[in-house]
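# Examining the three-dimensional arrangement
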Amino acid sequence: MRFVETIKNIWKIEDLRKRLLTTIFFVLVYRLGSFVVIPGIDPSALSSLKDQTSTGLLALLDMFSGGAFSNASIFALGIMPYISASIVMQLAAIAVPSLQKMQREGESGRRKINQITRYLTVAILILQSPAYLINLNTQLHAVGASLPGGFWFQFVAVIILTAGSMFVLWLGERITDKGIGNGISFIILIGIIARLPHSVVAEFSSRWSSGSVGGLVAFLAEIVFLLFIIAGAIMLVQGTRRVPVQYAKRVVGNKQYGGARQYIPLKVNAANVMPIIFAQAIMFIPIFLVGFSKSAESSGFVRAFMNNTSFWYNFVFAFLIIVFTYFYTAITINPTQMADDLKRNNGFIPGVKPGKATKDYIDQIMDRITLPGAFFLAIVAILPAFAEIFGVSAQFAQFFGGTSLLILVGVVLDTLQQIESHLLMRHYDGLLKSGRIKGRTGSVAAY
């Protein structure tokens, strides 16, 4: 079988084998930590917290943490505070001259920005941890329990939650350096995959318990529709527009160079999953601003933004995705540099003058292909709300598009592409007979 042969080839490559084993080890550490409860809390009293995180926006937050949020784990706050800090830093880099200067310093500047991002992450965690503990205490009271009293428990719990999230960040960075790559995205992916089997079983059980054939037919229809959405997400991640490039002929000595026509592949969704991750991180802000436990007493406006099926939540979410798609596309694709590279290598786009005209032409092409890509990304992101409206359970509905599906598709394709690159570099067959896997090459990887 080809699959068995591929596994054998992967095992033969020492560097790839070490990276995969290292990744598996760090993933196991992360999953074990997701079940380590904050000291002083009775795990048997968390039933109310699990009910609270079974629906709504908190269900999505719990998914990103791999269930650590509902387990009152030391990893409860997960990786989202770091992503929030990254949003702030990347937006600040546009307006703050000192940060712009750091970006131009190359590797040393990148290290400085990463250090500042970590400090900002710690500050966000110190603010979010008390809000989490307030909500946890409210949910414990609902079942007749409570958090240990006193300042020292609160102080130690905040330190533990902060250190736990920073440790998750460290695991992600180690996966990037020593493992298969894209560690932060991989951490989120593991959390999503960990919730998938439970969601599928729960949905099947609810349909089966209906006691009619229609329930099972509806479940099969949901699975088929989910497969169509996955296919659409793969097309969104892999879609490209090819721009023809002609290279001028050069004669050096007795040899002729250039003259061949090639293509520049411009991705329809050059920003990949980054817009949807960052937009989702912003949509979590109302939870932390009003406090988890005060959601019932909040104004209707705030409650609308804490309900992932409300019109205003999905409208703002889709709008942010479109904005971030254009923002990250502008960061990823540099038409000026592409035009300069073509001119330097005696290349040109047929019918377009080299230099500024080429830059403007590439800009125009990117605007045309980014707009439909951004709208399609936004539509896929809000599909879970429609799935819930049509009767799909809240947990299973999160896989009908949204952040979870796009991260799942994007990171899996990128990981498979990296594995395939190792195989092809050692002259082994790739993972597919039909051709190479198209991941997110040429775009900003999600960390």
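Rules used in this analysis
- Residues numbered from 1 in each chain as written.
- Predicted model: local features only at pLDDT ≥ 70, side-chain atom pairs only at ≥ 80, totals over all residues.
- Heavy atoms only, no water.
- Helix = DSSP H or I, 4+ residues; strand = E, 2+ residues; numbered from the N terminus.
- Buried < 20%, exposed > 50% of the residue type's maximum accessible area, 1.4 Å probe, protein only.
- Contact = heavy atoms within 4.5 Å.
- Areas by Shrake-Rupley, 256 points an atom, 1.4 Å probe, with all protein chains shown as cover.
- Salt bridge = Lys/Arg side-chain N within 4 Å of Asp/Glu carboxyl O.
- Core = buried A, V, L, I, M, F, W, Y, C linked by side-chain atoms within 4.5 Å.
- Domains from an automatic or database assignment.
- Expected span 1.5 Å × (residues − 1).
- Bend = angle between axes of the 7 residues up to and from the residue.
- Phe/Tyr/Trp six-rings, centres within 6.5 Å; stacked < 30°, edge-to-face > 60°.
- Lys NZ or Arg CZ within 6 Å of the ring centre and 35° of its normal.
- Axes fitted to C-alpha atoms, helices over the stretch in contact; angles between N-to-C directions.
- Parallel < 35°, antiparallel > 145°, perpendicular 65-115°, else oblique.
- Left-handed = near helix turned anticlockwise from the far one by under 90°.
- Nonpolar A, V, L, I, M, F, W, Y, C, P; charged D, E, K, R; others polar.

## Thoughts on the overall build of the protein chain
Helix and strand counts for the protein chain stand at 18 helices and 5 strands. Relative to its 447 residues, the protein chain shows a buried fraction of 49%. Counting only contacts in the protein chain whose residues sit at least 6 apart along the sequence, the fraction spanning at least 24 positions is 72%. Accessible surface, the protein chain as shown: approximately 21,700 Å² in total, 66% of it carbon and sulfur.

## A few points about the pattern of salt bridges
Side chains that differ in sign of charge can pair as their charged atoms come close. Enumeration according to the criterion identifies 10 salt bridges in this entry. The shortest N-O distance in the salt bridge between arginine 19 and aspartate 15 comes to 3.5 Å. Of the two residues, arginine 19 and aspartate 15 both sit in helix H2 (residues 14-33), 4 residues apart, roughly one turn of that helix. Look at arginine 19 and you get partly exposed, because its relative accessible area is 23%. Its relative accessible area of 33% is what places aspartate 15 among the partly exposed residues. Among the ionic pairs, lysine 112 bridges to glutamate 105, the shortest N-O distance being 3.5 Å. A network of salt bridges, in which partner residues are shared, links Lys356, Lys359, Asp360 and Asp363.

## A few points about the nonpolar core
In terms of nonpolar packing, the biggest core is built from 97 residues, with Ile41, Tyr132, Leu136 and Phe317 touching the most fellow members. Residue contributions to this core reach at least three from each of two domains, namely domain 1 (1-179) and domain 2 (205-429). Filtering out sequence-adjacent residues up to four positions away, leucine 136 remains in contact with Ile41, Leu46, Leu49, Ala72 and Leu147. Counting residues in each nonpolar core, the second largest holds 13 residues, with Leu342, Val352, Ile365 and Ile369 among its members.

## Observations concerning the environment of arginine 118
Relative to the elements of secondary structure, arginine 118 occurs in helix H7 (residues 107-141). On the basis of relative accessibility, which here comes to 23%, the residue arginine 118 falls in the partly exposed class. Sequence separation between arginine 118 and alanine 85 is 33 residues, and the spatial gap between their C-alpha atoms is 7.7 Å. Discounting residues that sit within four places of it in the chain, arginine 118 has contacts with Met166, Leu169 and Glu173.

## What to know about unusual backbone geometry
Even without being glycine, alanine 72 reaches a positive phi, approximately 55°. Counting through the fold element by element, alanine 72 comes out in the loop between helix H4 (56-64) and helix H5 (80-95).

## What about the side chain of serine 48?
Inspection of the secondary structure assignment puts serine 48 in helix H3 (residues 47-52). Note on serine 48: relative accessible area 12%, which makes it buried. With sequence-adjacent residues up to four places away left out, serine 48 is seen in contact with Gln139, Ala142 and Val143.

## Section: helix H16 (residues 356-389)
When the terminal C-alpha atoms of H16 are compared, their 50 Å separation across 34 residues agrees well with the 50 Å that a helix rising 1.5 Å per residue should span. Of all bends in H16, the biggest is about 35°, found at isoleucine 382, and the proline proline 384 comes one to four residues later. Two residues or fewer past H16, glycine 391 is found with a positive phi of approximately 100°.

## Some thoughts on the packing of aromatic side chains
The final tally for this structure, using the stated rule, is 19 aromatic pairs. With centroids separated by 5.8 Å and ring planes inclined at 40°, the aromatic side chains of tyrosine 313 and phenylalanine 317 adopt a geometry described as tilted. In this pair, tyrosine 313 and phenylalanine 317 are both assigned in helix H14 (residues 311-332), 4 residues apart and thus about one turn of the helix distant. Phenylalanine 317 sits in the buried class, given a relative accessible area of 2%. Counting every residue linked through ring pairs, the aromatic cluster contains Phe25, Phe26, Tyr30, Phe75, Phe167 and Trp170. Its end group placed over the ring of tryptophan 11, arginine 17 keeps NZ or CZ at 5.3 Å from the ring centre.

## Some words on the packing of helix H15 (residues 335-344) against H16
One can describe the packing of H15 onto H16 by two numbers: an axis separation of 8 Å at closest approach and a directional angle of 135°. The orientation of H15 relative to H16 falls into the category oblique. Remark: the crossing between H15 and H16 carries right-handed chirality. Residues Pro335, Thr336, Met338, Ala339 and Leu342 of H15 form the contact with H16, whose own contacting residues are Thr358, Lys359, Ile362 and Asp363. Residue composition of the contact of H15 with H16, grouped by class: 5 nonpolar, 2 polar and 2 charged.

Any functional reading would require information beyond the geometric quantities listed.
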